[in-house]
Structures are given as C-alpha cells and as structure tokens.
Amino acid sequence: MWSYMISCKAAVFVSISRIISHPASVDTCAFLSSCTCSDRILLIDGRVELKRSLQRQERHVFLFSDLFVVAKIKYTNSLKIKNKVKLSDVWTVSCVDEVGESNTNAMKSFVLGWPKVSFVATFSSPEQKDKWLSLLQRYINLEKEKDYLKSIPLKISPMTLEIVPM
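This one's a predicted model, so the numbers in the text were calculated from it and none came from an experiment.

Novice: In this structure, what is going on with the pattern of salt bridges? I would like to understand it.
Specialist: Side-chain pairs of opposite charge can arise whenever the charged atoms involved come near each other. Within this structure, the stated rule accounts for three salt bridges. One salt bridge connects Asp-66 with Arg-40, and the closest N-O pair in it is separated by 2.7 Å. One end of the pair, Asp-66, is in the loop between strand 3 (55-64) and strand 4 (67-73); the other, Arg-40, is in the loop between helix 2 (29-34) and strand 2 (41-52), with 26 residues separating them in the sequence. Look at Arg-40 and you get buried, because its relative accessible area is 17%. Arg-56 serves as the salt-bridge partner of Glu-49, at 2.9 Å between the closest nitrogen and oxygen.

Okay, here's the thing in structure tokens:
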C-alpha cells in the first residue's frame, strides 16, 4: 500500500519497481498509465473485500485525488476495471452494523457507495480501514467543494406575455 501522494506518471515507475520486488503482486502498470493526467494524484491503492447482499468480491481499489476505481484481479495478474467513479459521486458511512450481516467486522469495514450501488468494504486491518475512510472523506469533500464552486447563481425573472385575442 502506498500512503503518500504520487503523480500518475511517477506511479507507473513505482508500480514497476513494486512488481519486480514482489513478483506475486498485480500488474498495475497498464492501468496506471491509462489514468495519466496532469492534475490527478494516486493517493492509495490496495485490496479490499466488497460485499453486496450475499455476494463477496475481492477487488483492487485505487483512490486518486478526483476518482475512485474498482478493479477485478484477473487470473493473469492483470486488472479489469469494474467501476470508475468521480469522487463527488461517492459517499461513505460507518454504520456497518445496520447494513451488514452479523459476521461483518465493523472494526475493519465501512459502507461505500455511489449512485445505484453500495457495498460493505472490508479491509485487512482496522488501521487500513481508518486510513481509507479518512482519505476518502477528505477528498470526497474537496471534490464536492469544487463541484459546488462550478455552479453559477442566476437570477431568473419572468417575462411578460402579451395575450392576443382571437
């Protein structure tokens, strides 16, 4: 897991060195190079279990400064993107007890969602959960502030219509 901020271009290099030092890890190079842009920063990535009703899925997730990406780990140790969501559309809730089943570990889990879907995300440790939740909440708020600033207040005044008799 990478807890410091790196640009996408630098992330490709870092990812290559991580794969060389850990041959069993997933090849993220192609994925990261497809996300290259000047103002997008990779904040953290790692594996998580996403649970939706009775379905559990192991996924590799990436948190960028403006984007949340969920990828499936394929048997060839490559990634297939399953979801790419703007952070301004993502939400989190800590009330796992009310949403999850009784066997969900609330210390390592939180609810994660975006329009039309929500999951219980379970991490490897309470520390990882706290790190992800903190970063998600921080950058979701930053992106929502940016979206709010894009709205332009308009004053709309009604037009007078002239009624013409027939």
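Having seen it, we continue.
Novice: Got a minute to help me understand the packing of aromatic side chains in this structure?
Specialist: The geometry of an aromatic ring pair is captured by two quantities: the separation of the ring centres and the angle between the planes. Scanning the model with the defined rule gives five aromatic pairs in all. Considering the side-chain rings of Phe-62 and Phe-64, the 6.4 Å spacing of their centres and the 20° angle between planes classify their relative orientation as stacked. The residues Phe-62 and Phe-64 share a single accessibility class, namely buried. Of the aromatic side chains, those joined through ring pairs into one cluster are Phe-68, Trp-114 and Phe-119.

Cut-offs applied
- Residues numbered from 1 in each chain as written.
- Predicted model: local features only at pLDDT ≥ 70, side-chain atom pairs only at ≥ 80, totals over all residues.
- Heavy atoms only, no water.
- Salt bridge = Lys/Arg side-chain N within 4 Å of Asp/Glu carboxyl O.
- Helix = DSSP H or I, 4+ residues; strand = E, 2+ residues; numbered from the N terminus.
- Buried < 20%, exposed > 50% of the residue type's maximum accessible area, 1.4 Å probe, protein only.
- Phe/Tyr/Trp six-rings, centres within 6.5 Å; stacked < 30°, edge-to-face > 60°.

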